[in-house]
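Residue strings, one per chain:
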Amino acid sequence: MAKILIVDDSRTSRKILKGILEGAGCEVIGEATNGQEGYERYVELKPDIVTMDITMPVLDGIEALKKIKAEYPEAKVIMVTAAGQKTKMVEAVQNGANEFVSKPFEPEQLKTIIEKVMNG
Ligand SMILES: [Mg+2]
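In short, a report on the structure. (Residues numbered from 1 in each chain as written. Predicted model: local features only at pLDDT ≥ 70, side-chain atom pairs only at ≥ 80, totals over all residues.)

**Let's talk about the pairing of strand β3 (residues 49-53)**
Piece 1. Across the five residues that make up β3, a large majority, five, are buried.
Piece 2. Strand direction decides the pairing type here: strand β1 (residues 3-7) and β3, joined by four bridges, are parallel. Within the sheet, the bridge partner assigned to Ile6 lies in β3 and is Thr51.
Piece 3. For β3 and strand β4 (residues 77-81), the ladder comprises four bridges, and the chain directions are parallel. Counted as the bridge partner of Thr51 is Ile78 from β4.
Piece 4. The β-α-β motif built from β3, the intervening helix α3 (residues 61-71) and the parallel element β4 has right-handed crossover chirality. (Buried ≥ 20, exposed ≤ 12 C-beta atoms within 10 Å, placed from the backbone. Helix = DSSP H or I, 4+ residues; strand = E, 2+ residues; numbered from the N terminus. Pairing = 2+ DSSP bridges. Right-handed = clockwise from strand over helix to strand, strands pointing away.)

**Some thoughts on the sheet that holds β1**
Piece 1. The sheet built from five strands is open, its strands ordered β2-β1-β3-β4-β5 with parallel pairing. With one partner strand each, in any of the chains shown, β2 (27-32) and β5 (99-102) form the two edges of the open sheet. With direction set aside, neighbouring strand axes in the sheet form an average angle of 25 degrees.
Piece 2. The sheet strands contacting α3 are β1, β3 and β4, and the helix crosses β3 at an angle near 150 degrees.
Piece 3. The strands touched by helix α5 (residues 107-119) within the sheet are β3, β4 and β5, with β5 carrying the most contacts at an inclination of about 170 degrees. (Axes fitted to C-alpha atoms, helices over the stretch in contact; angles between N-to-C directions. Contact = placed C-beta atoms within 7 Å.)

Right, dumping it as C-alpha cells:
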C-alpha cells in the first residue's frame, strides 16, 4: 500500500484526490497547502509518493520539487497539472518529476499512474 503525501493549496482538490487515492487502496499520510510546507512534510514523513500541485503560494510546485529532489533524488513526485501549463511541465521534467496527472482527476488514470510510479 503506497503512502502518499498530497501537496495542493486547494482544499477541494486535496479532498477529491484523497478520496480517489484511498479508494485505490493508498494511504494518505499527510497533506500540505503550499510547496514549503510540502517540502517540510516530505522530510518529516518520507512518503512513497508525493502528489504536487504546480500553482501554489509561498513556494510553487516546481520549486518544491527542486528542493525535494536536491536532497532526496530517489523521491517519487507526481506533478498535478492544469490546462495551459506546458512550460511548467517541461520545467518539471527537467527537474526530475516522475509522472503527471491532470485536473480534473480521472480515478482510473490516477490509479494507473500510481501503480506505474510504485513499480518503476
Ligand atoms: Mg493550486
